[in-house]
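Residue-level listing of the chains:
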Amino acid sequence: MTIVVLVGTLDTKGVEYGWLRERLLRAGVEVIMVDTGIMGDPRVPADVPREAVARAAGTELSELRAAADRGAAVTAMAKGAEATLLRLHAEGRLHAVLAIGGSGGTSIATRAMRALPLGVPKLMVSSMASGDVAPYVGSCDITMMYSVVDIAGINSISAPVMANAAEAAAGMAKAFQRASMELHRPARLGAGSRPLIAASMAGVTTIGVDAARERLTALGYEVLVFHVSGTGGRTLETLAGQGIFAGVLDLTLSELADDLCGGVLSAGPDRLSAAGRAGIPQVVSLGALDMVKFGPLETLPERARYRRVHVHNPSITVIRTTRSECAELGRRVAAKLRAATGPTAVCVPLRGLSTLGAPGGTYHDPDADRALFSALREGLRGSSARLYDYDTHINDPDFGRAAADRLHTMIGAAAAAA
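What you see is a predicted model, and the numbers here were worked out from it, not measured in a lab.

A. Representation of the overall build of the protein chain within the structure. If you tally the helices and strands in the protein chain, you get 14 helices and 14 strands. For 418 residues, the compact-globule estimate of 2.2 N^0.38 gives 22 Å, and the C-alpha radius of gyration of the protein chain, at 24 Å, lies within 12% of that figure. Counting all 418 residues of the protein chain, 52% fall into the buried class. Taking all contacts inside the protein chain whose residues are at least 6 apart in sequence as the whole, residues at least 24 apart take part in 71%.

Written out as structure tokens, the structure is:
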């Protein structure tokens, strides 16, 4: 039996959810309806009523109604929906989840979707899907579909959009059920003959990271490369926290520079933390800490215009990090790595941190780099993290291969000690 879970507010969107349920049944799947509504009466029956969703969040529906605080109620029902979907998934009664809604319904449903494992089909039809969907998707594999018109009745535009969504959810659910669960449960990823390695990369560190990836592949690993675009770093952290990686090769840390200096591709303050918390062997380098990324040149903040500016492409403009910024980045990297509970090594490319920072490059600045290296060494003094200097730049293929070999050795040692 293939099951699609519908999750949404059956007071305000009940008619639409009832219509979706009929389309899903006609598509040959079973449906479990989860009601996250709060105030009005549900317009169609639910398999998991709103009272049960509220209790799953540790509260009562009557309390949420009495408080008359919409924001708090939405947060509570999102928490309850998350717990409900996780329970259904654990019971084997969820092969896909589908939701429709505006800003509130999207917020509730996508929080619940984000809690589900990688690979479980998640489809959100939303009037918010044509804008910035990062707050809803996060680092999860949610598919967002723009509703074109608001979710308010079944009409000549909403009907084909929602019909497509129902057919898509049914198809994904059937495929998910058929496929080996080895492909869909993060805890099982990499459980076959090739352990998984996470690697971070940017265009300015591609040569070095590619050399490392090729060496690790030859050593028997499957390497997943994450582009340090903010979202890429957050995704790496999320998956590392789930324990699916045998090791992490974090050679590119530019998101930390964006976080410090107000760039547009920050991954947030928790970047470079999850592998350490999980005790996963990690080899770290300092790739692209010589730059901060902004948008198109015309959007560059006034405060950055006096710096060394480089147009990386029409969408990305970068500035060179200063000596003082590099020193602070060294301290931040050291503080994060000191907290690691697993084997940690830092590979330092003494001759440059990117294509721009290599000798002869626009951002080659040995003085600023030395400030970074010095602060890092001081911050790691007395810690279990090991630091290794290499008299090369980060894009020397020999550097990438050496970093890969070091991670391979650490993974082997950790496995032998387990």
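B. Summary view of the layout of surface pockets. The computed volume of the largest pocket comes to approximately 300 Å³. Thr9, Thr12, Ile38, Arg70 and Val74 are, among the 19 residues lining the largest pocket, the residues nearest its centre. The element contributing the most residues to the lining of the largest pocket is helix 5 (residues 103-114), with four residues. In terms of residue class, the lining of the largest pocket is built from seven nonpolar, eight polar and four charged. For the second largest pocket, the calculated volume is near 220 Å³. Lining the second largest pocket are Arg114, Leu116, Pro117, Leu118, Gly138, Ser139, Cys140, Asp141, Thr235, Thr238, Leu239 and Gln242. Tallying contributions element by element places helix 9 (residues 231-241) first for the lining of the second largest pocket, with three residues. Here the lining of the second largest pocket is built from residues that sort into five nonpolar, five polar and two charged.

C. Quick look at empty space enclosed by the protein. One pass over the structure, following the stated rule, counts one cavity of 30 Å³ or more. As a volume, the largest cavity reaches approximately 40 Å³. Mapped by element, the contributors of at least two residues to the lining of the largest cavity are strand 1 (3-8), strand 3 (96-101) and helix 5. If one sorts the elements of the lining of the largest cavity by residue count, helix 5 sits on top with three residues. For the lining of the largest cavity, the class distribution of residues is six nonpolar, four polar and no charged.

D. Geometry of the sheet that holds strand 11 (residues 309-313). One open sheet holds the three strands; their spatial order is 10-12-11, and the pairing between them is antiparallel. What marks the edges here is a single partner per strand, and that holds for strand 10 (291-294) and strand 11. Across the sheet, the axes of successive neighbouring strands diverge by a mean angle of 30°, strand direction being ignored. In this sheet, strand 12 (residues 316-320) lies alongside strand 10 in antiparallel orientation, the contact comprising four bridges. When the bridges of strand 12 are listed, lysine 293 appears paired with valine 318.

Cut-offs applied
- Residues numbered from 1 in each chain as written.
- Predicted model: local features only at pLDDT ≥ 70, side-chain atom pairs only at ≥ 80, totals over all residues.
- Heavy atoms only, no water.
- Helix = DSSP H or I, 4+ residues; strand = E, 2+ residues; numbered from the N terminus.
- Rg over C-alpha atoms; globule rule 2.2 N^0.38 Å.
- Buried < 20%, exposed > 50% of the residue type's maximum accessible area, 1.4 Å probe, protein only.
- Contact = heavy atoms within 4.5 Å.
- 1 Å grid on protein atoms, 1.4 Å probe; cavity = no way out; pocket = protein on both sides within 12 Å on 5 of 7 lines; lining within 4 Å.
- Points joined across faces, edges and corners; volume = space filled by probe spheres on them.
- Nonpolar A, V, L, I, M, F, W, Y, C, P; charged D, E, K, R; others polar.
- Pairing = 2+ DSSP bridges.
- Axes fitted to C-alpha atoms, helices over the stretch in contact; angles between N-to-C directions.

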